[in-house]
Amino acid sequence: MLEQEAKKNKGEFDMSDIGFIGLGTMGRPMAGHLQAAGHRLFLHDVVPVASELVAGGGVACKSGKEVAEKADIVIIMVPDTPHVEAVLFGQDGVAAGLSKGQIVVDMSSISPLATKEFAKKVEALGADYLDAPVSGGEVGAKAASLTIMVGGPERAFNAMKPVFDKMGKNVTLVGANGDGQTTKVANQIIVALTIEAVGEALLFASKAGADPALVRQALMGGFASSRILEVHGERMVKRNFEPGFRIELHQKDLNLALEGARALGISLPSTAVAQQLFSSCTAHGGKAWDHSGMVRALEMMANHQVAKG
């Protein structure tokens, strides 16, 4: 650690030592890929750090401040805007341990407006800030195939690109701070509306007497084909709603979309409908269902299941 402190005092960072805060469903496999690629990890979470990461050489830290003091890059992967704010600026938070020249990367999905404010505060301390939310869910995190949408300064993006490439396959700098989060909100609008469309289509086919599994198979070869028809359509047919991405998290993202729409003075009517369908699922005990479980709200209205459970 003396070598590390000396390096920081000189403002020298080689980006080999990475801090990772938030080691849940997404963060744990993402951190694992970085560790497998040879990065030394400094880890912090609200629960005990995953034993396999520690066994692989990861260093468990007591606070975000300690992570920032020891790492070159600090990556954050937590559920929502208040959690990111607490990690950054709470007691013994990341901001208290930052040095000039470091990079803070928030890979959570949070408010674009709050992100811009967080970036200003971090940059005032001499560090760069990137918002880099991801799409691909647990499957993409485990396969290192995430889509990563980045907002922030180009110099920091270029420094981080080799690190992002170890966690994802489609990595794009879309603009300034906040633009990564805006892109993620747009992504979640498309995903929610496509889940709703697939659910309606399979429900219609099933109620009409067709085999929904064969209908889905046929549609996969046509213009209606999509990744959501492939993956979530199969979940609907097979009645597998174990969470890859929980409804409550998608609700959070659509709240960001609707709040943003109000601020911009625009209407997102289909997004509002999708949110109401998620709310119906939540009211029936489904907040932890996979978001493909939106089809259950449609099924309840039709008094008909797409397929037998």
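Scroll up a little and you will see the structure.
Residues numbered from 1 in each chain as written. Predicted model: local features only at pLDDT ≥ 70, side-chain atom pairs only at ≥ 80, totals over all residues. Heavy atoms only, no water.

Undergrad: I keep staring at the nonpolar core and nothing clicks. Help me out?
TA: Note on soluble globular proteins: their nonpolar side chains tend to be buried together. Within the largest apolar cluster, 32 residues are counted, with the highest numbers of intra-cluster contacts made by Met107 and Phe164. Among the elements of the structure, strand S1 (17-21), helix H2 (27-36), strand S2 (40-44), strand S4 (73-76), strand S5 (103-106), strand S8 (146-151) and helix H8 (154-164) are those that each provide at least two residues to this core. It is H8 that provides the largest number of residues to this core, a total of five residues. For Met107, the contacting residues outside a window of four places in its chain are Met30, Ile75, Ile76, Met77, Ala132, Pro133, Val134, Ile148, Phe164 and Met167. (Core = buried A, V, L, I, M, F, W, Y, C linked by side-chain atoms within 4.5 Å. Buried < 20%, exposed > 50% of the residue type's maximum accessible area, 1.4 Å probe, protein only. Helix = DSSP H or I, 4+ residues; strand = E, 2+ residues; numbered from the N terminus. Contact = heavy atoms within 4.5 Å.)

Undergrad: Which parts of the structure should I look at to understand the pairing of strand S9 (residues 168-175)?
TA: In the case of a regular strand, side chains alternate between the two sheet surfaces. In this structure, S8 lies alongside S9, joined through six bridges in parallel fashion. When the sheet's bridge partners are listed, Val150 is paired in S9 with Leu173. Note on the crossover from S8 through H8 to S9: the handedness is right-handed. (Pairing = 2+ DSSP bridges. Right-handed = clockwise from strand over helix to strand, strands pointing away.)

Undergrad: It is not clear to me how the pairing of S4 should be interpreted in this structure. Could you clarify?
TA: In S4, alternate side chains face the same way, and those of Ile73 and Ile75 on one face and Val74 and Ile76 on the other are all buried. Inspection of the sheet shows S1 paired to S4 by four bridges, in the parallel sense. In the strand pairing of S4, Ile18 is matched with Ile73. As paired strands, S4 and S5 are joined by four bridges and run parallel to one another. Residue pairing across strands places Ile73 opposite Ile103, the latter belonging to S5. A crossover links S4 with its parallel partner S5, the connecting element being helix H5 (residues 81-89), and its sense is right-handed.

Undergrad: In this structure, what is going on with the packing of aromatic side chains? I would like to understand it.
TA: Here a ring pair, both rings aromatic, is described through the centre-centre distance and the interplanar angle of the planes. Considering all chains together, one arrives at two aromatic pairs under this definition. Between Phe157 and Phe164, the ring centres sit 6.4 Å apart and the planes meet at 35°, which makes this aromatic pair tilted. Here Arg296 stacks its cationic end above the ring of Trp289, 4.2 Å away from the centre of that ring. (Phe/Tyr/Trp six-rings, centres within 6.5 Å; stacked < 30°, edge-to-face > 60°. Lys NZ or Arg CZ within 6 Å of the ring centre and 35° of its normal.)

Undergrad: Just checking my understanding: could you explain the layout of surface pockets for this structure?
TA: Over the atoms rolls a probe the size of a water molecule, and its path tells where empty space is left. Size it by volume and the second largest pocket reaches roughly 400 Å³. Around the second largest pocket sit 17 residues that line it, and Pro112, Leu256, Gly260, Ala261 and Leu264 are the ones nearest its centre. If you tally residues by element for the lining of the second largest pocket, the top one is helix H12 (residues 247-264), at seven residues. (1 Å grid on protein atoms, 1.4 Å probe; cavity = no way out; pocket = protein on both sides within 12 Å on 5 of 7 lines; lining within 4 Å. Points joined across faces, edges and corners; volume = space filled by probe spheres on them.)

Undergrad: Hey, could you run me through the packing of H12 against helix H13 (residues 269-283) in this one?
TA: In a pair of packed helices, the angle between the axes and the distance between the axes together describe the arrangement. Running from amino to carboxyl end, H12 crosses H13 at an angle of 150°, the nearest separation of the two axes being 10 Å. Here H13 runs roughly antiparallel to H12, going by the angle between their axes. Relative to H13, H12 is oriented so that their crossing is left-handed. For the pair H12 and H13, contact is made by Ile247, His250, Gln251, Leu254, Asn255, Ala257 and Leu258 and by Thr271, Ala272, Ala274, Gln275, Phe278, Ser279, Cys281 and Thr282, respectively. Its residues placed into classes, the contact of H12 with H13 shows eight nonpolar, seven polar and no charged. (Axes fitted to C-alpha atoms, helices over the stretch in contact; angles between N-to-C directions. Parallel < 35°, antiparallel > 145°, perpendicular 65-115°, else oblique. Left-handed = near helix turned anticlockwise from the far one by under 90°. Nonpolar A, V, L, I, M, F, W, Y, C, P; charged D, E, K, R; others polar.)

Undergrad: In this structure, what is going on with the pattern of salt bridges? I would like to understand it.
TA: Oppositely charged side chains can pair when the atoms bearing their charge come close. Taken as a whole and assessed by the stated rule, the structure comprises 13 salt bridges. Arg239 serves as the salt-bridge partner of Glu299, at 2.8 Å between the closest nitrogen and oxygen. Of the two residues, Glu299 is situated in helix H14 (residues 294-302) and Arg239 in the loop between helix H11 (227-238) and H12; the sequence distance between them amounts to 60 residues. For the pair formed by Glu299 and Arg239, the shared burial category is buried. Here Asp253 and Lys252 are joined by a salt bridge, their closest N and O atoms 3.1 Å apart. Each member of the pair, Asp253 together with Lys252, is buried. (Salt bridge = Lys/Arg side-chain N within 4 Å of Asp/Glu carboxyl O.)

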